[in-house]
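One letter stands for each residue in the lines below.
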Amino acid sequence: GDQLKMVHALHVMISQLLMLVASTCVEKDMCAPNWYGPLGYSPYFYRDELPNVCTPKYETARCEQSALDKAQPLDDLAGSCSAVASSCFLTKQNCNETMTCSDLTALAEELRQGGLNIVCRHGKTFWGQFAQETSGCLTAGDCIKAGVSRQRLMQRVGEDEVVGWAQALNDLQIPIEYIRASPFHRCAKHGKLVAECIGNADFNTTFDLLYMAAWQEFAEEKGYASGASHIDVKTSQVWRIRSLLGQQPSPGKNRLYVSHGFNMKWGTGLAVDEGTCLVVKPDGADVGNETCTRASVSESFTYPKGTRRFSLVARLSVEALGKMAHCAAIQEEMATFDATTRSYLAADIDNDLTLTKDEFDDWWAAACSAAADLPLRDGLFEALDRREPDVLGRSLVGDAALSVGYFYHLNWGWRDFLGDEAGGRWAYPWRQLIVDEVPPSAGRLLDLLSAQRQVVAAACDGLFNSTMLEEALAFSAATGSAFDAEELSCMSAATSLGPYYFPIGPPSGREGDDYPSCDAKPMFYPAEFLLPGTLEQRRSRVLLADMLIHFAGASKVELLSRSACPRLLPVALPLFEGNECTIKMYNLGFFPSANECAAAALESADCPSNVFQHSSSSDANQVQGCVCCFDAQPGPATVGSQWTVYQAIMPTQNGSAEVTDRAPAVLPSIAQWQLTPRTAESPPAIGCSAACRGECVAVPDNAAFATDDDCKQCASDYLWWPCDESGACQCGTGALASSPTSPMPFERCNAACSECVAVPENAAFATDDDCKQCASGYQWWPCDEDGVCQCNATRVATRVATRVATR
């Protein structure tokens, strides 16, 4: 305990020193051209960033310029090359997110206080337009004069990300003094969308933020004498962005700028992906009146009076402000739950969403009957700490603190230059959610942490000691997880938890995917990538849940249910095929199936109805995505259209389609901690259900005298004797650790349907009258036969139409 406290004190001291270091970035020459330097690094980017130009106050993201060298192995994870070499190709600027709620809520407060400058790279664009712009208007020097038709434009998903970012900015009440943007359409559109969403009319464009690749137009605008070199003109552009970021906003306000990746990289020494922003504070040395010159540029530039060097406060990804809003909701709502529900999270006395070892120790001493067992306390804290992320260059493990809410996201890719059909046009972005423990509410977070809360409650009550904990953890780790790959993904929080995530992935999941052309060339990189150690990391995050299964008699199905895993996807009922909706309200992002789109529509507060449109074309979805509609009124039908207007239906036990927020799941008390682990060879006598994949048998010598034949019916979710008797029936050998299979459509009919009818020509010769009683929960013939009765699809459609009409 004392050692951990010393580690915590050291961690606090280091954090304070880092904040002092963050008072300025590396003090480079204010007149120098490129603060980042000429190097690019391997696109396989999942370590700490290079070069280390600024130490941010909040480590919310890591970004770097990626590059590939034709002369080096493609899988060189630590490779780099210089842009001046002919074999070196700069690809994408990549960013990985490492956000904690503690950081985001503290940053939100700083932003509300004002005094910061925010500069964003424009939102996601159509990279297929890269060659058009590069060989067209940038070569001709007329991108602004020729208009938007020759520029690379922001795509719909990029626009929706910007809108979500701006809505969160508004919800968080972050004050913006004014907005300035590059005159390129993608930047101007970005700035205008933010201005409209937050109601700020002080928006304009300025050549001071113009794309550096359009240097000819900048030289013409500034009246430079002919003959100025591109490097000298670009350098003079860099001075402008440094000047803007070094000027102090009005008291209590922040300023927002929208520019381009190379302007930001050269001007600040920091790489940024599309949609990523830098938050800087002009708090360094005064550089006002410092004058810069370049040999071939006819005019000098003097930094305005009061301009200061700036420090890096944080990077903000497109998800960051949305997650910041979620963290603020968690922080506000967590105090509304009682101490029993919060379990160990009640130890966060100051509600800063960081639970220190000292806070945990104080809570243990005050709340637990096992307070005297200090080795158990310390071992338990260590087990909780080991769940936290230790990837992407920022480790939360071993810092003598537990973070309440975090978002770790791998977000990188490349542009391909090497194929005959590529020419740098094709971009392959990769996005892998490592952990998303920042749901929209505190109740949902408590659900995610239900297994951890239950283990801590059992320890707090003294059901096991430190030796038993150590042995249980070791056994569970060695045995392997009881959860399959899909369940692991959900239980470990490796799935998206809200409307602020817009997944963009590779063109397909095929290895060696081709360029989109008739004369296809192999991709320079594979079409699939998974962060090394992903499976092991997910298993370690569910280790405490596995321990509950092995030693506390917990049901895997119950653990999944309490954690809202697996989520029951709603039905996507087609209303109008070949149509789009008349009034489109909100783009929810890309979803491969209509059912997943339906789930997003039901969960999003931005959807006024449960009606949405989705396309069967993957290309159309990548551009426009899943869109929720104002109502069920369709637009005109289009011949050959792959869009369909759907209604999302989530059946419940009473047949209602309503979905409401709920309190966190109530955790059952653990009656006894078993000294020997429960295994598949010796399953516990805790009952049997459909989760046993159709195999229920009697517990030998059971007190209810039930036989295997008696227990067989429990596998169909029969609810009466002997299935309701504890210790009478159990899963058959090998069935315990398996996941229930998904039922086939209309396999059976039950209370989830308002009307049950007979399957035409069913083998049991059942009629509609026979099947009618199944809707009331009747459990016997014909309701217990597969393929005999089904939900009445016509009545479902009628209920949907009625509900839509009355919303």
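Residues numbered from 1 in each chain as written. Predicted model: local features only at pLDDT ≥ 70, side-chain atom pairs only at ≥ 80, totals over all residues. Heavy atoms only, no water.

J.: Now, about the overall build of the protein: what can you tell me, with residues and values included?
T.: Within the protein, the regular secondary structure consists of 26 helices and 27 strands. Taking all 807 residues of the protein together, the buried fraction comes to 54%. In the protein, 75% of the contacts between residues at least 6 apart in sequence involve partners at least 24 apart. Surface exposure of the protein reaches about 33,600 Å², of which carbon and sulfur atoms provide 53%. (Helix = DSSP H or I, 4+ residues; strand = E, 2+ residues; numbered from the N terminus. Buried < 20%, exposed > 50% of the residue type's maximum accessible area, 1.4 Å probe, protein only. Contact = heavy atoms within 4.5 Å. Areas by Shrake-Rupley, 256 points an atom, 1.4 Å probe, with all protein chains shown as cover.)

J.: How would you sum up the nonpolar core? Please name residues and give values.
T.: Counting 97 residues, the largest nonpolar core has Met324, Tyr344, Trp363 and Trp673 as the members making the most contacts within it. If near-sequence neighbours (up to four positions away) are discounted, Tyr344 is found in contact with Leu355, Phe360, Trp363, Leu384, Leu402, Leu449, Gln452, Arg453 and Val456. Residues Val53, Leu209, Met264 and Val272 belong to the second largest nonpolar core, which totals 25 residues. (Core = buried A, V, L, I, M, F, W, Y, C linked by side-chain atoms within 4.5 Å.)

J.: Before we move on, can you summarise the sheet that holds strand β5 (residues 117–121) with the specific residues and values?
T.: Strands sit in the order β7-β6-β8-β5-β9-β12 across an open sheet of 6 strands; the sheet is mixed. Among the strands making up the open sheet, the edge pair consists of β7 (203–205) and β12 (311–316). Geometrically, the sheet is characterised by an average inter-axis angle of 20° between neighbouring strands, direction not taken into account. Inspection of the sheet shows strand β6 (residues 176–181) paired to β7 by 3 bridges, in the parallel sense. By the bridge assignment, Ile179 is partnered in β7 with Phe203. Helix α7 (residues 185–198) rests against β5, β6, β7 and β8 (254–259) of the sheet, and its axis sits at about 160° to β6. Strand contacts of helix α10 (residues 261–268): β5, β8 and β9 (277–281), with the helix running at about 135° to β5, the strand carrying the most contacts. (Pairing = 2+ DSSP bridges. Axes fitted to C-alpha atoms, helices over the stretch in contact; angles between N-to-C directions.)

J.: Could you give an account of the pairing of β9, naming the residues involved and the relevant values?
T.: In terms of burial, β9 is largely enclosed, as 4 of its 5 residues are buried. Here β5 pairs with β9 via 4 bridges, running antiparallel. Following the sheet pairing, Ile118 is matched in β9 by Val279. In this sheet, β12 lies alongside β9 in antiparallel orientation, the contact comprising 5 bridges. Within the sheet, the bridge partner assigned to Cys277 lies in β12 and is Leu316.

J.: Go over the pattern of salt bridges with me, naming the residues and quoting the values.
T.: This structure, assessed with the given rule, holds 34 salt bridges. Between Glu49 and Arg315 there is a salt bridge, and its shortest N-O distance comes to 2.9 Å. Taken together, the residues Glu49 in the loop between β1 (39–41) and β2 (61–69) and Arg315 in strand β12 connect sequence positions 266 residues apart. For the pair Glu49 and Arg315, a shared accessibility class is recorded, and that class is buried. Salt-bridge contacts for Glu109 lead to Arg112; the nearest nitrogen and oxygen are separated by 3.4 Å. A residue pair is termed a helical-turn pair when its members lie 3 or 4 positions apart in one helix, as Glu109 and Arg112 do in helix α2 (residues 101–113) at 3 residues. Judged by its relative accessible area of 31%, Arg112 is partly exposed. (Salt bridge = Lys/Arg side-chain N within 4 Å of Asp/Glu carboxyl O.)

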